[in-house]
Amino acid sequence: IDAVGDLAVVEAGANGARLLDLVDPENPVDRGWVRHEEPVTAATLTGPLLVVATASRLESYWVGLELNPEIEGMVQPSGWARHLAVSGSLAILGMDEQKVAMVDVEDPQRPRVRGVLDQPGPSAPIVAIHGTVACALDPEFGLSVIDVADPTQPAVIGTLEALQGQDLFGAPMG
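Counting restarts for each chain: residues are numbered from 1 in the order of the written sequence. Restriction of local features to residues with pLDDT of at least 70 applies here, the model being predicted, together with a cutoff of 80 or more for giving and counting side-chain atom pairs; totals for whole chains, interfaces and linings are based on all residues. The basis for the side-chain values is all heavy atoms of the structure; hydrogens and waters are excluded.

Asks: What is the right way to look at the pattern of salt bridges in this model?
Replies: As a working rule, side chains carrying opposite charge can pair if their charged atoms are close by. Salt bridges are counted wherever a side-chain nitrogen of Lys or Arg sits within 4 Å of a carboxyl oxygen of Asp or Glu. Enumeration according to the criterion identifies 8 salt bridges in this entry. As a salt-bridge pair, Arg 31 and Asp 21 come within 3.9 Å of each other at their nearest N and O atoms. Linking Arg 31 in strand β4 (residues 29–34) with Asp 21 in strand β3 (residues 17–21), this pair joins segments that are 10 residues apart in sequence. Between buried and exposed lies partly exposed: a residue is buried under 20% and exposed over 50% of the maximum accessible area for its type, with that area taken using a 1.4 Å probe on protein chains only. Its relative accessible area of 10% is what places Arg 31 among the buried residues. Taking the shortest distance from any N to any O, the salt bridge between Arg 114 and Asp 104 comes out at 3.5 Å. Here the residue Arg 114 occupies a position in strand β12 (residues 112–118), and Asp 104 occupies one in strand β11 (residues 99–104), the gap between them amounting to 10 residues. The exposure class assigned to Arg 114 is partly exposed, which follows from its relative accessible area of 29%. Classification of Asp 104 by relative accessible area gives buried; the value is 13%. Counted as one network, the salt bridges with shared partners bring together Asp 104, Arg 112 and Arg 114. Secondary structure elements follow DSSP: runs of H or I no shorter than four residues count as helices, runs of E no shorter than two count as strands, and numbering proceeds from the N terminus.

Asks: I'm lost on the sheet that holds strand β15 (residues 142–147) in this one. Help?
Replies: The strands making up a sheet associate through hydrogen bonds between their backbones, and the pairing can be parallel or antiparallel. Strands sit in the order β13-β14-β15-β16 across an open sheet of 4 strands; the sheet is antiparallel. Each end of this open sheet is capped by a strand with a single partner; those strands are β13 (126–130) and β16 (155–161). In this sheet, neighbouring strand axes are inclined to one another by 20° on average, regardless of whether the strands run parallel or antiparallel. Note on pairing: two strands pair once DSSP finds at least 2 bridges between them. Bridge analysis of β13 against strand β14 (residues 133–138) gives 5 bridges, and the strand direction is antiparallel. When the bridges of β14 are listed, Ala 128 appears paired with Cys 135. Lines are fitted to the C-alpha atoms to define the axes, a helix being fitted only along its stretch in contact, and any angle between axes, read from their N-to-C directions, falls within 0 to 180 degrees.

Asks: What should I look at first to understand the sheet that holds strand β10 (residues 90–95) in this one?
Replies: Across the sheet, which stays open at both edges, the 4 strands sit in the order β9-β10-β11-β12 with antiparallel pairing between neighbours. The sheet is open, and its two edges are formed by β9 (81–87) and β12, each paired on a single side. On average, adjacent strands in this sheet sit at an angle of 20° to one another, irrespective of strand direction. With 6 bridges joining them, β11 and β12 adopt antiparallel strand pairing. By the bridge assignment for β12, Ala 101 is matched with Val 116.

Asks: It is not clear to me how the pairing of β14 should be interpreted in this structure. Could you clarify?
Replies: Two faces, one strand: in a regular strand the side chains alternate between the faces of the sheet. Here β13 folds back onto β14, and the loop between the two strands holds 2 residues, one of which, Gly 131, carries a positive phi near 65°. Across 6 bridges, the pairing between β14 and β15 is antiparallel. Within β15, the position partnered with Val 133 by the bridge is Asp 147. Hairpin connection from β14 to β15: 3 residues lie between these consecutive antiparallel strands.

Asks: I keep staring at the environment of Ala 43 and nothing clicks. Help me out?
Replies: Relative to the helices and strands, Ala 43 is located in strand β5 (residues 40–46). Residues Ala 43 and Leu 143 lie 100 residues apart in sequence; the distance between their C-alpha atoms is 22 Å. Contacts were defined at the residue level, with two residues in contact if any of their heavy atoms lie within 4.5 Å. Among residues more than four places away in sequence, those in contact with Ala 43 are Asp 2, Val 9, Glu 11, Ala 17, Leu 50, Val 51, Val 52 and Leu 84.

Quick look at the structure:
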């Protein structure tokens, strides 16, 4: 789930993503669905732009006054997108095969992959971004802090590793 201003989006897996109008928070209004042939793995809002990750692609939608917004643009990074975060015009995808993809969504009709960074760890990293710094988390491996000032050349600038035999949260592994 994500909320920006008076809008919220909820990922609904196989059904797509559902938009909610929160102008009157006591009476949310269904704004419609973004439906897919593939399950939605993540969705987020950045201003009037809805960014949706599915198994094989990232899609962008303008969210105006209409119900059930239509797709504006799409890009197909290599791999299955599991996690998504957006800051301004940069989307970060945590993907299978331990990859983090940087996607430029400034032009919603033509999103494009700008860079990909391999990450250690066994699973798709959970991602977050603020400004020019992104974080990628694999609980069994640890946290990577990534400089994305130049999305074509993302660079790990710091790490926090999990302890031997424990995940990053201190829980026993194995």
